[in-house]
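# Structural overview
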Amino acid sequence: MTTEDGNNASDPKAKRSKIEVLLKDVVSSHILDDRQAFTEQYALAQPFPHCILPNVFQESFINDLIQEIKQNSKVNFKESDLFKFYQSIDLANLDENSSTHMPCVLQLRQVLYSNDWRHFIEQVSGLPPNTLNQQVDCACNCHISGCHLLCHDDVIHTRRISYILYLTDVDWKLEEGGALELYSADNDGLPTMVPSKLLLPTRNSMAFFAVEPGVSFHSVQEVLGDRPRLSLQGWYHANDPPDNIHDATLQRLKGEADLSQSSTYEPLEIDNVGIENDDAALSESDRLHLAQFMDSTYLQPKALKEMRASFSEDSSIQLRSFLNDAMILKIDLQETKLKTTDANYYEQGVDKNWSMTGPTHMQRFLEYHRVVDDREGSSATAAMKNDTLGDNLYNIRRDLLQSKPFARFLSILTGLRPTACKGHIRRFRPGLDYTVAHHGLLTESAVLDVTLCFVAGSGKQQVMDDNDESDENDTVKKTSAPLDEADVAWQSGDVGGFECYIEAEDDEDENGQGSTPADEYNQDDDTELLSVSAGFNTLSIVYRDPGTLRFVKYLSAKAPSSRWDVAMEYQIENEEEEGDDKYEE
């Protein structure tokens, strides 16, 4: 029997000689010679041990390798709450026919999979000899503009060393994005809000680090320029998973409570108005209270009946132009966008009232907490003297969304009786913020998610017209309002910022083992139930059952603006007598 390189499998000396020659032919001479210097660099690196091998391969070899990959590799688009990029098949799955058109790729695979290279990686990273076994993962990743990978620690199954070989164009700049972001961990093994170090994807360099639960937190910054961030990325495996795998990101996403949004529910004591009666209308006092805030259209009996029918059919509804004109005049969305090269890029928008909320492997956004100056007093009257966006959203939450008249409005619209509520005022900044689906979001019983959203644009729905055959490339039906590019961007989903509802799945055992190997973490498009796009002055109401997760997709740096919202959650009266599947999606 012969190996893939043509050597007799029973002749290890011949095979070793072949690998040694290959290493000398393709690996730069200084790499193996300077292993002691790299070992010291690895041990001293912060925020956790890692190493950068510069000019790791011969220049002629890396040039040919990049051309082979660009001309012959097929990549598949992958997107989830955690990532967005293109990826090829694992190099281990390349067949013998690849030797004719991808010889350099196969040579690289031989090097990366060889005992000699694994031993080199073990020595530099301080691992005992033979810690790494023969299982090696390697695939080509391509991050074009808008692609990203959010904070995680890479711990899945028996991964032990993570590595990335950068195949980018020369002279990659910080303003092009795509940096490898490394995060420190606090005493609880949680990542910090801001990365401690940024590593540029420099051509022909290799970064690697030990995969360790609660330690090796990293992310790939969104690519901002026009040049693709091409790389070969993978893992070296050990025989056993780490002992403390319960501290891994994936395990925490499947087990932790919602650390940042654990505020208590405030009770809402209302009668059963509207639950049984499809023709129920608001009382005059409720209508007068709501009319101070809401567009009058939504308070009319006919509109309420139509909205109730729509919600009953879909378990969700979006109410556009929700606040009236007088309220909208108070909503000022002006903001200053900073560049990634600015020193306080990650802290933009943070002040005494707006603070960053994490932990970063689950979410990052700004949350508003009203802080009243002692000189003004602590009364609500004094607090209302402020007129910032945060203050106005705070008042809307307190005076409208937490009010009994609004609870009765929800009851008439949904046929459900809200019994308690809680809510948060959030800002998602372009190029920075997101939430990730995790099991801490699961509720013991069904709830109503009610979110009032504000973004750049008019908030008008750009309706898709499937019947208009006049121009197959013009699928946007013009509304009465002029076409708004910001609205189109939000509704396309290309810039993120939408809220997505997915089924909760648990296909991993306690050791992180599962039937389906993950790229970063499992991706399954079939679990998506609903996607709600961001829109200016739009209220979304969604019935969420106990088996459903949700997340706000990472907001691209190319988004027209930040996303501000007041995100409310309403407990509803137990429905067992009516059947738990009344509004099941």
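Right above here is the structure, for reference.
We now turn to the structure provided with this report. If you're wondering where the values come from, they're calculated on a predicted model, not measured in any experiment.

Close approach of charged atoms allows side chains of opposite charge to pair. Inspection of every chain in the model, using the stated rule, returns 19 salt bridges. Close ionic contact of D399 with R398 constitutes a salt bridge, the shortest N to O distance being 2.8 Å. Residue classification places D399 among the partly exposed positions, given a relative accessible area of 25%. By relative accessible area, which is 24% here, R398 ends up partly exposed. Here R426 makes a salt bridge to D565, at a shortest N to O gap of 2.9 Å. In this pair, R426 sits in strand 16 (residues 418–428) while D565 sits in strand 23 (residues 563–572), placing the two residues 139 residues apart along the sequence. A relative accessible area of 4% places R426 in the buried class. For D565, a relative accessible area of 0% corresponds to the buried category. Bridged by salt links that share partners, the residues D449, E499, R544, R550 and E569 form one connected network.

Going from Q46 to P47, the amide bond is cis rather than trans, its omega being 10 degrees. Relative to the elements of secondary structure, P47 occurs in the loop between helix 3 (35–44) and strand 1 (50–53). Here the residue pair G358 and P359 is connected by a cis peptide bond, since its omega of 0 degrees sits within 30 degrees of zero. Relative to the helices and strands, P359 is located in the loop between strand 14 (354–357) and strand 15 (363–368). Phi angles above zero are rare outside glycine, and N204 is one such case at about 65 degrees.

The next thing to look at is helix 4 (residues 59–72). Its 14 residues give helix 4 an end-to-end C-alpha distance of 20 Å, which sits within 8% of 20 Å, the value for a rise of 1.5 Å per residue. Turning to helix 4, its buried residues are F61, I62, L65, I66, E68 and I69. One side of helix 4 carries all its buried residues, which in axial view fall inside an arc of 160 degrees. Within helix 4, the exposed residues directed more than 90 degrees away from the buried face are S60 and Q71.

We now examine the sheet that holds strand 19 (residues 499–503). Spatially, the 3 strands line up as an open sheet ordered 20-19-22, and their pairing is antiparallel. Pairing within the sheet leaves two strands with one partner each, and these edge strands are strand 20 (528–532) and strand 22 (548–552). Within this sheet the neighbouring strands show an average axis-to-axis angle of 20 degrees, counted without direction.

The next subject is the environment of V552. For V552, the location among the structural elements is in strand 22. V552 gets classed as buried once you look at its relative accessible area, which sits at 1%. In this structure, the C-alpha to C-alpha distance between V552 and D433, residues 119 residues apart in sequence, is 8.8 Å. The residues contacting V552, other than those within four sequence positions of it, are R426, F428, Y434, T435, G497, F498, E499 and R563.

Quick look at helix 14 (residues 404–414) now. Within helix 14, 10 of the 11 residues are buried, leaving the element largely enclosed by the surrounding structure. Considered for burial, the residues of helix 14 that qualify are P405, F406, A407, R408, F409, L410, S411, I412, L413 and T414. One side-chain oxygen of the residue at the start of helix 14 lies 3.2 Å from the amide nitrogen of F406, identifying that residue as S403. Two residues or fewer after helix 14 comes G415, characterised by a positive phi angle close to 75 degrees.

Tallied over the full model, the rule gives 17 aromatic pairs. Three or more aromatic residues link up through ring pairs in this structure, and these residues are Y298, F322, F406, F409 and Y570. Over the ring of Y265 we find K422, and its NZ or CZ is 4.8 Å from the ring centre.

Another point: the side chain of E181. The topology assignment puts E181 in strand 7 (residues 180–182). For the buried E181, no salt bridge exists, and the shortest N-O distance to an oppositely charged side chain is 5.4 Å, to R364. A polar side-chain atom of E181 sits 2.6 Å from a polar atom in the side chain of S219. Within the local environment of E181, its side chain forms a polar contact with the side chain of Y346, the two groups lying 2.4 Å apart.

We now examine the environment of W235. Assignment of secondary structure puts W235 in strand 11 (residues 229–238). Note on W235: relative accessible area 5%, which makes it buried. Placed 75 residues apart in sequence, W235 and R160 show a C-alpha to C-alpha distance of 6.9 Å. At a separation of 2.9 Å, a polar atom in the side chain of W235 contacts the side chain of D154.

Conventions we followed
Residues numbered from 1 in each chain as written. Predicted model: local features only at pLDDT ≥ 70, side-chain atom pairs only at ≥ 80, totals over all residues. Heavy atoms only, no water. Salt bridge = Lys/Arg side-chain N within 4 Å of Asp/Glu carboxyl O. Buried < 20%, exposed > 50% of the residue type's maximum accessible area, 1.4 Å probe, protein only. Helix = DSSP H or I, 4+ residues; strand = E, 2+ residues; numbered from the N terminus. Expected span 1.5 Å × (residues − 1). Arc of directions from axis to C-beta. Pairing = 2+ DSSP bridges. Axes fitted to C-alpha atoms, helices over the stretch in contact; angles between N-to-C directions. Contact = heavy atoms within 4.5 Å. Polar contact = N/O pair within 3.5 Å; in protein donor to acceptor, adjacent residues only side chain to side chain. Phe/Tyr/Trp six-rings, centres within 6.5 Å; stacked < 30°, edge-to-face > 60°. Lys NZ or Arg CZ within 6 Å of the ring centre and 35° of its normal. Lys, Arg positive; Asp, Glu negative; His and termini not counted.

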